[in-house]
Amino acid sequence: MSSHCVPLGGAARSRRAGRLLRAATGVALLALVASCGQTTGPDVSAAPPQESTPPGGEQGTHEDADDRSSDDGLATPTPRHGGTLRVATTGEPPHLDPHRSTDTLVLLITGHVFETLFTSDAQHRPTPLLATGHEASRDGLVHTITLRRGVRFHDGSLMTAADVIASLERWGSMSGLGASLLAATERLVAVDQYTVEFRLREPFGTLPTALTRQLQPATIHPAHVLAESDRTRLAAPVGTGPYRLEQWAGGRPLRLVRFEGYAAPLGPRDGYAGARPQYLDAIEFVAMPEEATRVAALRAGDVHLLETVSPDQLPALTRDPEVVAELAGADVWLNLVLNLRSPVLERVEVRRAVQLALDHDAVLQAAVGPDAYTLSPDLLPGTADWSSDAGADRYHPHDPGQARRILDELDARGTRLRLLTTLARPPEHNAALVITQQLRAVGFDVELLVVDTATLSSWRADEHRYELYLASASFRPDPVMRNLTASAGGWWEDPVKESLLDRLRASDDLAERQELWAQVQARFHEDVPRIKLGDLRRVVAHRQELQGLGSTELQPDLSAAWLAP
Amino acid sequence: MSTGVLRRLVAVAPTLLVVGTIAFLITHTLPGDPAAVMLGSEATPAQVASLRTELALDRPLGQRYLAWIGELARGDLGTSVHHDRPVSALLRERVVPTLQLAVAALLVAVAVGVPAGILASRRAGTVLDRTITLLATSATAVAGFFLAMLLILLFAVHLGWLPAGGSVPLRTDPVAHLKSMVLPALALGLPLAGIPARVLRGTLLDQIDADHIVVARAKGMPPRHVLLCHELRAALVPTTTVLGTSFADLLGGAVIVETVCNLPGLGQLLAISIGQRDLLVIQGVILAAAALHVLVTLTVDLLVSGLDPRVDHVRF
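Below, the structure is looked at part by part.

About the criteria used
- Residues numbered from 1 in each chain as written.
- Chains lettered and ligands numbered in written order.
- Predicted model: local features only at pLDDT ≥ 70, side-chain atom pairs only at ≥ 80, totals over all residues.
- Heavy atoms only, no water.
- Patch = residues over 30% accessible without salt bridge, like charges linked within 9 Å, V, L, I, M, F, W, Y side chains within 5 Å.
- Areas by Shrake-Rupley, 256 points an atom, 1.4 Å probe, with all protein chains shown as cover.
- Salt bridge = Lys/Arg side-chain N within 4 Å of Asp/Glu carboxyl O.
- Helix = DSSP H or I, 4+ residues; strand = E, 2+ residues; numbered from the N terminus.
- Buried < 20%, exposed > 50% of the residue type's maximum accessible area, 1.4 Å probe, protein only.
- Pairing = 2+ DSSP bridges.
- Core = buried A, V, L, I, M, F, W, Y, C linked by side-chain atoms within 4.5 Å.
- Contact = heavy atoms within 4.5 Å.
- Axes fitted to C-alpha atoms, helices over the stretch in contact; angles between N-to-C directions.
- Parallel < 35°, antiparallel > 145°, perpendicular 65-115°, else oblique.
- Nonpolar A, V, L, I, M, F, W, Y, C, P; charged D, E, K, R; others polar.
- Buried area = accessible area lost by both parts, 1.4 Å probe.

Side note on a nonpolar patch on the surface
Residue and element names in this part refer to chain B.
Here is step 1 of the chain: A cluster of nonpolar residues, Leu6, Leu9, Val10 and Leu295, forms a patch on the protein surface that exposes about 380 Å² of accessible area.
Here is step 2 of the chain: For the nonpolar patch, the element with the highest residue contribution is helix H1 (residues 2–10), accounting for 3 residues.
Here is step 3 of the chain: Overall, Leu9 belongs to the partly exposed group, its relative accessible area being 41%.

Put into structure tokens, the structure is as follows:
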């Protein structure tokens, strides 16, 4: 039947059809080339090493930028007021209640809306922000914090001691560290409108540290807002920060705008401390769950900064002249959490066999590539004060033969281990694949359970669900913020360690605390409640025009950032 | 017909009840809950357990189902745990971009698929026909997210003609709004274009030897008129039916394309809510999608009966 339909003049039409086919093939090839540009390219090692330069370090000094020239006569860029900075995030925040979340995205956003009494300087030491100072009595049982005057919330009300006390009480009911502080506190007293006094039952030498910027921070909110809030809900996102929430609805970008009534702190930029000049008119956080979309948006100029990106994307990003992409210092660590309530892993010998089976290099190369990790026993990487070699002899022993011998002695060959991980965090998932093989090689029967993030978060709270899971420990500037208590995942219960942690919280003597922390670290590697695999270097990627990014280890503070023309 | 339509409309309620019940059971038997997500990945097990109690997530399943059905009967879809807003308000905001995307994708499918189908049927057996058939078959096999990524890389990253993602409200900037819809519409519409192309080609070829076409040609009617007045008219019914069914399916495809292209529609809301285990929102989106599906199917049936009076109305 179709032969009836073949038209005359077929030769000419065939030529046209041929041209059409060639054009279509060309478009397809162009698209494929484009996709290849995304996924292939030189090895990560081709990226220029940037370890010693902090992101944003090209601005040099963290100084409150004014017109000035450097010593070599080259003019430094002059900060420019105005513009809207767009940040591509991995998703929407679950909420904007900093008291309630250990989520880094919540800290990234709310760090511009809410403020804490203290913040961290470049050495990660507490520096006043909403406070003006702190004094402790000789016996360490009374801590007096004076507040800055004239600080207004976004709703126009003045911040007073009543707001601070209401905020600290709510934070203490929700955060583990806050609960420790309030447990040690007999009374919180408003001495006057601008003075708050902690009257303690027992010394808590790290009190200012506990009140600094961190995940789940002790942010200050108006007392009248907290009166309408509860532990599951913050009534309104009203803070004292340099930006206030303008819009977060309907799938539109979450938009913060400059708070004109901001009581700006003074002094040069120093880590997260110092001036917050509010150069930007607005900051928008655009949820882009797909990493490839985030990278494409950055390269296309639709966004200026990525919340996070995996090292796999580094080659494509470093080739783009419009983009700055660099590896930050190694300040996040990947670890294998062991369920110490599991009948299998409650025996330290079995835990040691797991420890001996693992080749951390192979695991971390699979996780993040060859240049984006370092091996160290440090439990607080990225901090100068807390670096320690304690426990190094137990860290990364890698002796599969010894692991097999231990299992044989215990008659534990074939022991079943359920390993939880999620595809949503590719480094953890890739590491889990290698760990599975390495554990199987010494005689464990490993079942790899790949689930989504919500399931992982839920299952890891259930001691019957797993033996092992992969986790990333984010940057913490001080040991009191690293939860190694029995309440953390894995249930590491050890009276000696708990005693060390208690003394660490109570002391305000840096040398003594460093010694105590070294003992905790040694015990960690010896008792094997978790296996620290190594420190990961984050990729920080932004457009060339974004300047003044500053520190990023506790999420960027964009209140000193600006957009070059 | 009006009785038939009324009967179909009455059947919507039990259909939605069944869909809603299945959605409820699936969402509530999924592992993971909002408490763990809200507290973040470094929360302690004790904190998660405490928040679960405060959010009443530890109540028995039956109790939660009855409470939800009771609220549903009053027209209340509940309040989102994460957004702290009524689910119905979220749906109202998100349904517009999704419908816009679906309509735009349908237009792309028609604009590409119909001419391609006609061309292939007119040049049946030639290289052009085989090429179109190959492309049409390949298009239906291409995953929307893959095509979306290729289009973003080509038109946003390399050529810089269109935004890589996101959406600008129509009232804020109509031009930017239209530009933001182009890539998602192409990503969703191009794979769909293969369906009308193939259906149309086959139907038109079937028409060539039909009596009324032969008579029309014998009477000296120009080929263009034969095509437009007789062949295409007969091909409209199967093509409309296929496109109508595909339109309903577009709502499913929108989950992926909206996520990749960062379009704030129902699909993206569903994807994010699943990740956050915002159970009431998941149930609300599924109910909304089911309602849209039922309405679109009914509309297509009415259209088909209008296009072809031979269609038996009794089946309504």
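Considerations on the pairing of strand S7 (residues 195–200) of chain A
Residue and element names in this part refer to chain A.
Here is step 1 of the chain: For S7, the tally of buried residues reaches 5 of 6 residues, placing the bulk of the element in the interior.
Here is step 2 of the chain: In the sheet, strand S5 (residues 142–147) pairs with S7 via 5 bridges, with the strands oriented antiparallel. Along S7, the bridge assignment pairs Ile145 with Val196.
Here is step 3 of the chain: In the sheet, strand S6 (residues 185–192) pairs with S7 via 6 bridges, with the strands oriented antiparallel. Residue Arg187 lies in a different strand from S7, and its bridge partner there is Arg199.
Here is step 4 of the chain: Linkage of S6 to S7, two consecutive antiparallel strands, is achieved through a turn of 2 residues.

As for helix H7 (residues 291–300) of chain A
All names here are of chain A.
Here is step 1 of the chain: Counting buried positions along H7 yields 7 of 10 residues, so the element is predominantly enclosed.
Here is step 2 of the chain: Residues of H7 that are buried include every one of Thr293, Arg294, Val295, Ala296, Ala297, Leu298 and Arg299, and no others.
Here is step 3 of the chain: Taken from the residues just after H7, Gly301 is the one with a positive phi, measuring 85 degrees.

Details of the pattern of salt bridges
Here is step 1 of the chain: Using the criterion set out here, one finds 35 salt bridges over all chains in the structure.
Here is step 2 of the chain: Note that Arg276 of chain A and Asp557 of chain A form a salt bridge whose closest N and O atoms lie 3.0 Å from each other. Of this pair, Arg276 of chain A sits in the loop between strand S9 (254–258) and strand S10 (282–287) while Asp557 of chain A is found in the loop between strand S18 (546–547) and strand S19 (562–563), placing the two residues 281 residues apart along the sequence. An identical accessibility class is assigned to Arg276 of chain A and Asp557 of chain A; each is buried.
Here is step 3 of the chain: With a shortest N-O distance of 2.7 Å, Arg277 of chain B and Asp452 of chain A are connected by a salt bridge. Taken together, the residues span two chains, with Arg277 of chain B in the loop between helix H12 (266–276) and helix H13 (279–307) and Asp452 of chain A in the loop between strand S15 (445–451) and helix H13 (453–459).
Here is step 4 of the chain: Look at the salt bridges and you will find they share partners, linking Arg86, Glu246, Arg255 and Glu284 of chain A into a network.

Structural notes on the nonpolar core
Here is step 1 of the chain: Within the largest apolar cluster, 103 residues are counted, with the highest numbers of intra-cluster contacts made by Leu336, Leu439 and Phe444 of chain A.
Here is step 2 of the chain: No other element matches helix H8 (residues 144–158) of chain B, which puts 10 residues into this core.
Here is step 3 of the chain: Each residue touching Leu336 of chain A, except ones within four places of it in the same chain, is listed here: Val354, Leu358, Leu419, Ile435, Leu468, Tyr469, Leu470, Arg530, Ile531 and Leu533 of chain A.
Here is step 4 of the chain: One finds Leu108, Ala131, Val151 and Ala328 of chain A within the second-largest nonpolar core, a separate group that totals 57 residues.

What to know about the packing of helix H11 (residues 223–260) of chain B against H13 of chain B
All names here are of chain B.
Here is step 1 of the chain: Two numbers describe how H11 lies on H13: the axes approach to 9 Å, and their chain directions differ by 175 degrees. Taken together, the axis directions place H11 and H13 in an arrangement best described as roughly antiparallel. Contact with H11, carried on its side by Arg233, Leu236, Val237, Thr240, Thr241, Gly244, Phe247, Ala248, Asp249 and Leu251, involves Ala289, Leu292, His293, Val296, Val300, Leu303, Val304 and Leu307 of H13 and no other residues of that element.
Here is step 2 of the chain: Looking at the contact of H11 with H13, its residues break down into 12 nonpolar, 4 polar and 2 charged.

Observations regarding the interface of chain A and chain B
Here is step 1 of the chain: Contacts between the two partners involve 66 residues from chain A and, on the opposite side, 57 residues from chain B.
Here is step 2 of the chain: For the pair chain A and chain B, the summed buried area comes to about 5100 Å², and 59% of that belongs to carbon and sulfur atoms.
Here is step 3 of the chain: Across the contact surface, chain A and chain B share 2 salt bridges.
Here is step 4 of the chain: Every element with two or more residues in the side of chain A that touches chain B is listed here: helix H1 (10–39), S10, H7, H13 and strand S16 (468–473) of chain A.
Here is step 5 of the chain: The element contributing the most residues to the side of chain A that touches chain B is H1 of chain A, with 9 residues.
Here is step 6 of the chain: The class makeup of the residues in the side of chain A that touches chain B is 30 nonpolar, 22 polar and 14 charged.

Points about the pairing of S10 of chain A
Residues and elements named next belong to chain A.
Here is step 1 of the chain: Buried residues dominate S10, accounting for 6 of its 6 residues.
Here is step 2 of the chain: Alternating residues of S10 divide into Ala282, Glu284 and Val286 and Ile283, Phe285 and Ala287, and every residue in both groups is buried.
Here is step 3 of the chain: Both strand S1 (residues 84–89) and S10 contribute to a ladder of 6 bridges, which runs parallel. Considered in S10, the bridge of Thr89 is made with Ala287.
Here is step 4 of the chain: Bridge analysis of S9 against S10 gives 4 bridges, and the strand direction is antiparallel. Bridge assignment links Leu254 to a residue of S10, and that residue is Phe285.

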